[in-house]
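# Breakdown of the fold
Residues per chain are reported as follows:
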Amino acid sequence: QVRAIQDVSTVIANVGFRPDSSIFQELQVHQCYASEGPMKLAAALMSGSSSVDCLAQESPGKETMMNPEPSFYIVGMKSYGRSSKFLLTIGHEQVHHVMELLNEGI
C-alpha cells in the first residue's frame with residue numbers, strides 16, 4: 001500500500017549527483033580538476049583532515065569561499081564538487097561565511 005504525502009513545505013535531496021557548473025561557466029571560477037569544486041575550497045578539503053569520518057570535518061573558513069569572480073560564491077553541495085563528504089551543517093556555515101564576506105564588502 002502506497003501512502004501519499006499531501007502537504008510538504010520543503011524537500012531536501014542529497015543524492016550525490018555530479019555538480020552542474022553550467023550556471024557559472026561564463027564566469028571566472030577556478031575549478032579543481034579532480035573534484036570540480038571551487039579551487040580554494042577543494043585545496044583546503046584535500047589538504048585538511050585525513051580523517052575518513054565526514055562527521056569530524058570543520059568548515060575551512062570564509063577565505064576558501066572566494067574565487068576570481070567578484071562577489072560570486074558557490075555554497076552547498078556544488079561547492080564540494082564530486083566529494084561525498086558534504087554535510088548540511090557545513091552548508092549552513094558556508095552561508096554564514098558568505099554573509100560575513102558580503103557585509104565586509106568583499
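Higher on the page you've got the structure.
Bear in mind the structure is a predicted one, so any value in this text is a computation, not a measurement.

A tally of helices and strands in the protein yields two helices and zero strands. Buried residues in the protein amount to 30% of all 106 residues. Taking the intrachain contacts of the protein between residues at least 6 apart in sequence as the baseline, contacts between residues at least 24 apart amount to 62%. With an accessible surface of roughly 7,700 Å², the protein has 55% of that area assigned to carbon and sulfur atoms.

With that settled, the discussion passes to the environment of L27. Inspection of the secondary structure assignment puts L27 in the segment before α1 (39–47). Given a relative accessible area of 33%, L27 falls into the partly exposed group. Setting aside anything within four residues of it in sequence, one finds L27 in contact with E69 and F72.

Now for the pattern of salt bridges. Tallied over the entire structure, the rule returns three salt bridges. Among the salt bridges present, the one from E36 reaches R82, with a minimum N-O distance of 2.7 Å. Here E36 is found in the segment before α1, whereas its partner R82 is found in the loop between α1 and α2 (88–103), with 46 residues between them in sequence. K62 is the partner of E100 in a salt bridge, and the nearest nitrogen-oxygen pair spans 3.7 Å.

Conventions we followed
- Note that residues are indexed from 1 along each chain, following the sequence as it is written.
- Where totals are concerned, whole chains, interfaces and linings use all residues; where local detail is concerned, this predicted model gives features only for residues with pLDDT of at least 70, and gives and counts side-chain atom pairs only at 80 or more.
- Excluded from the side-chain calculation are hydrogens and water; included are all heavy atoms of the structure.
- Where helices and strands are cited, they refer to DSSP runs of H or I of at least four residues and of E of at least two residues respectively, numbered from the N terminus.
- Three labels apply to residues, based on accessible area from a 1.4 Å probe with only protein chains included: buried if under 20% of the type maximum, exposed if over 50%, partly exposed otherwise in between.
- Any pair of residues with heavy atoms lying within 4.5 Å of one another is described as a contacting pair.
- Only the protein chains shown count as cover for residues, and the accessible areas themselves come from Shrake-Rupley with a 1.4 Å probe.
- Counted as salt bridges are all cases of a side-chain nitrogen of Lys or Arg within 4 Å of a carboxyl oxygen of Asp or Glu.

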